[in-house]
Amino acid sequence: MSIDSSRRKKLSEGKTKKIYATDNPHKIIIHYKDSLTALDGLKNIFLQNKGILNNEITTFIFKFLNSYGIKTHFIRKINEREQLCHKVEIIPLEFVVRNIVSGSMSRRLGIREGTPIKNTIFEIFYKNDVLKDPWINHHHAVFLNIISYEELNKINRIVSRTNDILRKYFLDKNIILVDFKIEFGKDQTKKILLSDEISPDTCRLWDKKTMTKLDKDKFRSGCNEEVILNTYMEIFKRLNENSS
Ligand code: UDP
């Protein structure tokens, strides 16, 4: 299969990634851009080399999850900014897992950030720009004809297992997995695959010793570009370090 960049057809471009077709209709190339966005794209900066880091980090995490039998869209890393992936139709739902209270849960329920969650919380958001990605439950998702209860049960098991695997792995690197968002898609055989990315853009990661934030919250809170990039670099370094 050719992945000659001069002959590529761009299929779509989002805030942080571009998608290209390949000669195989069931495979795509995902290109990680150097952009960082927050607040539904209202806050947007160019951050040199961030695309390289997120490609590395997502590659690392997807390979790790694959090794535990979690089926993802990831096939292989092609170069520093790009991955070859199975083409999927993205299910327009964001699955959020929370181990510690932060972000929208803290705001919505008025609970102090950092409050531990004993039972682990799973949330669903409907990916819809016009409606601003509202928080919904399983019954809404089925009512909206997005997904069946059976598929939701399957996804919930994958979400829960992903949390167990990543939480333990990050802890081994002295990082607390506070919360994260994942997305799923269906390939041409309708098989459900974990898709999109898992990176400091989509997770809250806190240093276990200092409780420093090592994720996109650095950007949300107004840190400068160097600080943000160093933060992403720190996650990349820790993932590649041998366990302590
Ligand atoms: N998240 C994401 N994309 C989104 C919304 C949230 O990756 O469009 C991630 C976010 O980085 C955090 C988790 O999902 O790790 C929970 O986010 P939350 O609902 O607290 O919303 P936020 O505070 O980001 O507004």
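Just so it is clear, the structure is predicted and the values come from calculations on it, not from any experiment. (Residues numbered from 1 in each chain as written. Predicted model: local features only at pLDDT ≥ 70, side-chain atom pairs only at ≥ 80, totals over all residues. Heavy atoms only, no water.)

**Notes on empty space enclosed by the protein**
Part 1 of the argument: Tallied over the entire structure, the rule returns one cavity of 30 Å³ or more.
Part 2 of the argument: Each pocket or cavity is described by its volume, and for the largest cavity that value is around 40 Å³.
Part 3 of the argument: Around the largest cavity, the lining residues are Phe95, Val96, Phe122, Glu123, Ile124, His138, Asn156 and Val159.
Part 4 of the argument: Considering each element in turn, the lining of the largest cavity owes the most residues, three residues, to strand β10 (residues 116-126).
Part 5 of the argument: Within the lining of the largest cavity, the residues separate by chemical class into five nonpolar, two polar and one charged. (1 Å grid on protein atoms, 1.4 Å probe; cavity = no way out; pocket = protein on both sides within 12 Å on 5 of 7 lines; lining within 4 Å. Points joined across faces, edges and corners; volume = space filled by probe spheres on them. Helix = DSSP H or I, 4+ residues; strand = E, 2+ residues; numbered from the N terminus. Nonpolar A, V, L, I, M, F, W, Y, C, P; charged D, E, K, R; others polar.)

**Thoughts on the site of the ligand**
Part 1 of the argument: Neighbouring residues of the ligand: 15 residues in total, closest Arg98, Ser104, Arg107, Asp179 and Arg204.
Part 2 of the argument: For the ligand, an oxygen atom lies 3.1 Å from a polar atom in the side chain of arginine 220.
Part 3 of the argument: Computed on the free molecule, the ligand has an accessible area of 500 Å², of which 80% lies beneath the protein chains in the complex.
Part 4 of the argument: For the shell around the ligand, the secondary structure elements donating two or more residues are β9 (93-100), α2 (103-109), β12 (175-186) and β14 (203-207).
Part 5 of the argument: Residues that form the shell around the ligand fall into these classes: four nonpolar, three polar and eight charged. (Near = heavy atom within 4 Å. Polar contact = N/O pair within 3.5 Å; in protein donor to acceptor, adjacent residues only side chain to side chain. Areas by Shrake-Rupley, 256 points an atom, 1.4 Å probe, with all protein chains shown as cover.)

**Quick notes on helix α6 (residues 225-240)**
Part 1 of the argument: Over its 16 residues, α6 runs 23 Å from end to end, which matches the ideal 22 Å to within 8%, given 1.5 Å per residue.
Part 2 of the argument: Among all positions of α6, only Ile228, Leu229, Thr231, Tyr232, Ile235, Arg238 and Leu239 are buried.
Part 3 of the argument: Where α6 starts, the residue carrying a side-chain oxygen 3.1 Å from the main-chain nitrogen of glutamate 226 turns out to be asparagine 224. (Expected span 1.5 Å × (residues − 1). Buried < 20%, exposed > 50% of the residue type's maximum accessible area, 1.4 Å probe, protein only.)

**Some thoughts on the side chain of aspartate 217**
Part 1 of the argument: Its place among the elements puts aspartate 217 in helix α5 (residues 217-220).
Part 2 of the argument: Judged by its relative accessible area of 8%, aspartate 217 is buried.
Part 3 of the argument: Of the polar contacts made by the side chain of aspartate 217, one reaches the side chain of arginine 220; its length is 2.6 Å.
Part 4 of the argument: Sequence-distant contacts of aspartate 217, defined by excluding residues within four places in its chain, comprise Ser102 and Arg204. (Contact = heavy atoms within 4.5 Å.)

**Some remarks on the layout of surface pockets**
Part 1 of the argument: In this structure, the largest pocket occupies an estimated 1,700 Å³ of space.
Part 2 of the argument: Lining the largest pocket are 49 residues, and of these Lys15, Glu94, Asp133, Lys181 and Glu183 lie nearest its centre.
Part 3 of the argument: Considered class by class, the residues forming the lining of the largest pocket number 13 nonpolar, eleven polar and 25 charged.

**Quick notes on the sheet that holds strand β1 (residues 10-13)**
Part 1 of the argument: Strand order in the open sheet formed by five strands is β1-β2-β3-β7-β6, with antiparallel pairing between adjacent strands. Lying at the two open borders of the sheet, with one neighbouring strand each, are β1 and β6 (74-79). In this sheet, adjacent strand axes meet at a mean angle of 25° when their direction is disregarded.
Part 2 of the argument: Here helix α1 (residues 50-67) sits on the sheet in contact with β3 (27-32), β6 and β7 (82-86), set at roughly 150° to β6. (Pairing = 2+ DSSP bridges. Axes fitted to C-alpha atoms, helices over the stretch in contact; angles between N-to-C directions.)

**Describing the packing of α1 against helix α4 (residues 149-172)**
Part 1 of the argument: Contact geometry of α1 with α4 gives a least axis separation of 11 Å together with a crossing angle of 120°. Of the possible angle classes, the one that applies to α1 and α4 is oblique. For the crossing formed where α1 meets α4, the hand is right-handed. Two secondary-structure elements touch here, α1 through Phe60, Ile61, Phe64 and Leu65 and α4 through Thr162, Ile165, Leu166, Tyr169 and Phe170.
Part 2 of the argument: A per-class count over the contact of α1 with α4 returns eight nonpolar, one polar and no charged. (Parallel < 35°, antiparallel > 145°, perpendicular 65-115°, else oblique. Left-handed = near helix turned anticlockwise from the far one by under 90°.)

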